[in-house]
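Survey of secondary and tertiary structure
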Amino acid sequence: MGNQQQNRVVVSGRGRGRGGGQMGRGRPMSTRQSQRGAEGERCTVSIKGLSSSTTDVQLQNLLMSIGPIEMFKMMPQQRKAIATFSSPQHAASFQMSFHRHMIDLSHIDVSLIDG
């Protein structure tokens, strides 16, 4: 019974739930945050490396799967987008969940930025 529960966490968490999975995923952003002293204030994420076929609806659905967004701007010519979450926890969760995630055959780079 314990194995079933563990498998469910690994499948649904996509790399977040494992203790040994912290080797580099999302860690550089956390250290940069604490150096700047703005750890609880960053609500804006930058999404780079988008495919030319990725639509704003796809991206908004991905963002809203984590939490409510206040602002969203997609720049297809630059293959990037910027979104502001209503909470810094949602922004950090999105970055940890979807950094290097594949959408439309492109790996996206998600970083926390000052909004």
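Every residue gets a number counted from 1 within its own chain, in the order that chain's sequence is written. Reporting of local features is limited, given that this is a predicted model, to residues whose pLDDT is at least 70; pairs of side-chain atoms are given and counted only at 80 or more, and all residues count toward the totals for whole chains, interfaces and linings. As a rule here, side-chain values come from all non-hydrogen atoms in the structure, and water together with hydrogens is ignored.

Per an unreviewed UniProt entry, the protein chain is named RRM domain-containing protein, and its organism is Sander lucioperca.

1. What about helix α3 (residues 56-64)?
Categorising residues by exposure relies on relative accessible area from a 1.4 Å probe, with only protein chains included: less than 20% of the type maximum marks a residue as buried, more than 50% marks it as exposed, and the intermediate range marks it as partly exposed. Numbering goes from the N terminus for both helices and strands, where a helix is a DSSP run of H or I of at least four residues and a strand is a run of E of at least two. Residues of α3 that are buried include every one of Leu59, Leu62 and Leu63, and no others. Seen end-on, α3 carries its buried residues on one side only, within an arc spanning 100°. Contacts were defined at the residue level, with two residues in contact if any of their heavy atoms lie within 4.5 Å. On the buried face of α3, the contacting elements are β1 (44-48), β2 (69-75), β3 (80-85), α4 (88-98) and β4 (102-103). What the arc covers is the set of directions going from the helix axis to the C-beta atoms.

2. Concerning the packing of aromatic side chains
Note on ring pairs: Phe, Tyr and Trp rings are taken, using the six-membered ring of Trp, and paired if centres are within 6.5 Å. Classes follow the plane angle, with under 30 degrees stacked, over 60 edge-to-face and the rest tilted. As enumerated under the stated definition, the model contains 2 aromatic pairs in all. Consider the rings of Phe85 and Phe94, whose centres lie 5.7 Å apart with planes at 45°: the pair is tilted. Looking at Phe85, the relative accessible area reads 0%, which means it is buried. A network of ring pairs unites the aromatic residues Phe85, Phe94 and Phe98 as a single cluster.

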